[in-house]
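Commentary on secondary and tertiary structure
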Amino acid sequence: MDAFLRTIELFEGLTQPEREAVAAKLKAVQYGRDQVLFEENQPRESLFLIEQGSVVLFKKSPLGEEKELARFRRFDFLGEGALMDDYPHSTSARAEEPTVAYLLSRTAVNELLAEQAPLVCKILSRTARVISRRMRQTTNQVVNAAAQYISGRTRREHDLLGEREVPAEFYYGIQTLRATENFPITGISISRFPDLIVALAQVKMAAARANRGLGLLPEDIAAAIEKACGEIIDGRMHIHFVVDMIQGGAGTSTNMNANEVIANRALEILGRERGDYAGCHPNDHVNLSQSTNDVYPTALRLAFITSSQKLISVLRKLVASFREKGREFRTVIKIGRTQLQDAVPMTLGQEFEAFAATLEEEIERLEQNAALFREVHLGGTAIGTGICAPADYAGLAVSHLREITGIDLRLAPDLVEATQDTGAFIMFSSAVKRLAVKLSKICNDLRLLGSGPRAGLHEIILPKRQPGSSIMPGKVNPVIPEVVNQIAFKVIGNDLSVTLGAEAGQLQLNVFEPVIAQSIFESIEMLKNGMDTLRIRCIDGILADEDQCRKSVERSLALVTALVPVLGYETCSALAEEAVSSGRSVYALVLEKELLPKHVLEEMLTPENMVRPR
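What counts and what doesn't
- Residues numbered from 1 in each chain as written.
- Predicted model: local features only at pLDDT ≥ 70, side-chain atom pairs only at ≥ 80, totals over all residues.
- Heavy atoms only, no water.
- Helix = DSSP H or I, 4+ residues; strand = E, 2+ residues; numbered from the N terminus.
- Buried < 20%, exposed > 50% of the residue type's maximum accessible area, 1.4 Å probe, protein only.
- Contact = heavy atoms within 4.5 Å.
- Areas by Shrake-Rupley, 256 points an atom, 1.4 Å probe, with all protein chains shown as cover.
- Lys, Arg positive; Asp, Glu negative; His and termini not counted.
- Charge placed at Lys NZ, Arg CZ, Asp CG, Glu CD.
- Pairing = 2+ DSSP bridges.
- pLDDT = per-residue confidence, 0-100.
- 1 Å grid on protein atoms, 1.4 Å probe; cavity = no way out; pocket = protein on both sides within 12 Å on 5 of 7 lines; lining within 4 Å.
- Points joined across faces, edges and corners; volume = space filled by probe spheres on them.
- Nonpolar A, V, L, I, M, F, W, Y, C, P; charged D, E, K, R; others polar.
- Axes fitted to C-alpha atoms, helices over the stretch in contact; angles between N-to-C directions.
- Patch = residues over 30% accessible without salt bridge, like charges linked within 9 Å, V, L, I, M, F, W, Y side chains within 5 Å.
- Salt bridge = Lys/Arg side-chain N within 4 Å of Asp/Glu carboxyl O.
- Core = buried A, V, L, I, M, F, W, Y, C linked by side-chain atoms within 4.5 Å.
- Disulfide = S-S within 2.5 Å.

**Structural notes on the overall build of the protein**
The helix and strand tally for the protein stands at 21 helices and 16 strands. With the C-alpha coordinates aligned to their principal axes, the bounding extent of the protein is approximately 105 × 70 × 45 Å. Buried residues in the protein amount to 50% of all 614 residues. Long-range pairs, those at least 24 residues apart, make up 73% of the contacts in the protein with a sequence separation of at least 6. For the protein, the exposed area adds up to about 28500 Å²; of that, 52% sits on carbon and sulfur atoms. Charged side chains of the protein number 69 positive and 79 negative; the gap between the two group centres comes to 3 Å.

See below:
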């Protein structure tokens, strides 16, 4: 136990007797897979010290979607705020695998305070420093990147253009610093999209393993790089990925941001100071056998595969909601419409089942197009010729990347072609746009079907989410379908940006992949949020106005269509025209003209008999 506690930051500087006093207060707890350690909004009660296993920290959005924040493994700790007060947890934690944790409760700390006050003061002092550091990192996520330059201690770094002072506490270096100054474009940094950061770390880990296997990278440096990459994959240090998503240089700033963060964390692991690049260099070691031109596109492909899986998961839930409404409304008779004119009867259930079916098709389309990303050109380096990389590097690196990601990746057969080709991005963006177009059409239908309540169709009742006017009392607008319409407009525009970016590539490289990446990531993020919002705040709460639906059928002249197979088109056209001019019903005219017996007519004009083949 003493050896374990010596590795925990909170207990640094304690003597062996003091560590023994702490150990006496610890409680060992075993957690099964998916078992919750603590939940958001519950009072904080204990500090958790991970002895073995893996714990994921996550937070739920207002719509109930879980967003993973970080992973904690052996020697990590979480919940340290419990030693200070019982303020509720702001996040939740769950064991990803069988996990053993030692718990130090606030009650136990109070007991220690009565027994050994100086010991508790040491622990709380370290705790305050940790909390302060985490709060500072959180602040940096929400302020302008330039504000991060204000720092007490700095380190001097140099590059091709000269020297600069870099804030000592940050893991990025001089090239990232220059990029934040050069590209204050969208205000959205690459840290906004964790899937991309994780993918970059996965590529760098695979490269380190390949270079070590080829004897190019010393064992200690390779191990440090791998550990740094593993921490980033687990959700650490994402706030230090600060360059803007849209940037010049074909993604070089993003690649160097990753190289510098990994190098400086690896230096810490090696016991060196950040910026001491003789021990681990961003270019010479982290970027060994690589170029931005094979790293950045490979990372994008990995990130899009992961993001598409999350998008499909949200889409499946929306499809299920439409299907449930289809079952709920299966007996509600209404009039179908073509070109906004009365057509023939159908059920409201059939209408909602059609919504489900058309969206379900998009799951297969997204999966097919995301599969194109499994072909990568890692090892092609600058233009696909593999310059500065050993002959065996590409195959070995992709093999390691396949193992790290669990994705069935394959090396492109022509690396020169693959370096300049953006066809997979075009296809996937098109599939994302197709989903957006279908969603927008459905939302158009929902707004029409819910129009009214007195002067519109009003066949369905949309959930009321907010007052609709600042001047018209009682007005409620279909705000949820409206916002999804607007998301679709943005996605369609983003797809055009992807198309133009792909078309503008020249010779052996497309330098516009950053705008392609930003456009696709933004589209996926908006669609995920939009579909969750549509499902939870609209679809699940829709009601049918059954009386209004039936009245529309009974008033419609469309019933005459059912008589065409018996009376013929010309006769039915004349009946419809006379019904309009006279204001009489088709039913009455058929009986008056003795065109059909009453019992036959009644059976043929029963709406329930008109919603399926006969």
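**Observations regarding the pairing of strand β11 (residues 333–338)**
Note that β11 and strand β12 (residues 341–347) share five bridges and pair antiparallel. Paired with Ile333 across the two strands is Thr347, which belongs to β12. Connecting β11 to the next strand, β12, in antiparallel fashion are two residues, including Gln339 with a positive phi near 55°.

**Describing the confidence of the model for the protein**
Across the protein, the average pLDDT comes to 90, with 96% of residues at 70 or higher. Taken as a whole, residues 139–151 scores under 50 in pLDDT and shows 15 contacts with residues more than four places along the chain or in a different chain.

**Concerning the layout of surface pockets**
Considering only enclosed or pocket space, the second largest pocket measures out at about 400 Å³ in volume. Lining the second largest pocket are 17 residues; nearest its centre among them are Gly450, Gly452, Pro453, His458 and Val476. Sorting the residues of the lining of the second largest pocket by element identifies α14 (423–449) and β15 (460–461) as the ones contributing at least two each. Here the lining of the second largest pocket is composed, by residue class, of eight nonpolar, six polar and three charged.

**Concerning the environment of Glu608**
Residue placement: Glu608 occurs in the segment after α21 (598–604). In this structure, the C-alpha to C-alpha distance between Glu608 and Val55, residues 553 residues apart in sequence, is 56 Å. The contact partners of Glu608, leaving out residues within four places of it in the chain, are Ile333 and Arg550.

**Topic: the sheet that holds strand β5 (residues 66–72)**
Across the sheet, four strands lie side by side as β2-β7-β4-β5; this open sheet has antiparallel pairing. Looking along the sheet, the strands with just one partner apiece sit at the ends: β2 (36–38) and β5. Neighbour to neighbour, the strand axes of the sheet diverge by 30° on average, direction disregarded.

**Notes on helix α5 (residues 174–182)**
Among the residues making up α5, those that are buried are Ile174, Thr176, Leu177, Arg178, Ala179 and Thr180. On its buried face, α5 is in contact with β9 (154–159), β10 (162–167) and α8 (252–269).

**Describing unusual backbone geometry**
Going from Gly452 to Pro453, the amide bond is cis rather than trans, its omega being 10°. The phi angle at Phe75 is positive, at roughly 80°, despite the residue not being glycine. With respect to the helices and strands, Phe75 occurs in the loop between β5 and β6 (77–78). A positive phi angle, near 60°, is found at Met237, a position not held by glycine. Examined against the element boundaries, Met237 turns out to sit in the loop between α7 (219–233) and α8.

**A look at a nonpolar patch on the surface**
A grouping of Val437, Phe489 and Ile492 is seen on the molecular surface, where their side chains present a nonpolar patch of about 270 Å² in accessible area. Secondary-structure assignment places Phe489 in helix α15 (residues 479–503). By relative accessible area, Phe489 is classed as exposed at 54%.

**Quick look at the pattern of salt bridges**
In the structure shown here, the tally under the stated rule is 46 salt bridges. In this structure, Glu525 engages Lys528 in a salt bridge whose closest nitrogen and oxygen atoms are separated by 3.8 Å. A residue pair is termed a helical-turn pair when its members lie 3 or 4 positions apart in one helix, as Glu525 and Lys528 do in helix α16 (residues 513–537) at three residues. When salt bridges that share partners are traced, they join Arg209, Arg212, Glu219 and Glu226 into one network.

**Here we look at the nonpolar core**
By size, the foremost hydrophobic cluster in this structure holds 114 residues, and its most contacted members are Ile225 and Leu534. Those residues within four positions of Ile225 in sequence are excluded, and the remaining contacts are Lys204, Ala208, Leu217, Ile262, Ala266, Cys280, His285 and Val286. Counting 22 residues, the second-largest nonpolar core is a separate cluster that includes Leu10, Leu26, Leu47 and Ile123.

**Some words on the state of the cysteines**
Under the defined criterion, the tally for this structure stands at zero disulfides. Free of any disulfide, Cys538 has its nearest cysteine sulfur in Cys443, 7.0 Å distant. For Cys538, a relative accessible area of 2% gives the class buried.

**A short note on the side chain of Ser523**
As for its placement among the helices and strands, Ser523 is situated in helix α16. Residues in contact with Ser523, not counting those within four places in the same chain, are Val432, Val491 and Asn494.

**Points about empty space enclosed by the protein**
A complete count under the given rule lists two cavities of 30 Å³ or more for this structure. Counted as a void, the largest cavity has a volume near 50 Å³. If you add up the space inside the second largest cavity, you get close to 40 Å³. Together, Leu83, Leu104, Val109, Leu112, Val120, Ile123 and Leu124 line the second largest cavity. Breaking the lining of the second largest cavity down by element, the ones donating at least two residues are α3 (106–115) and α4 (117–142). Residue composition of the lining of the second largest cavity, grouped by class: seven nonpolar, no polar and no charged.

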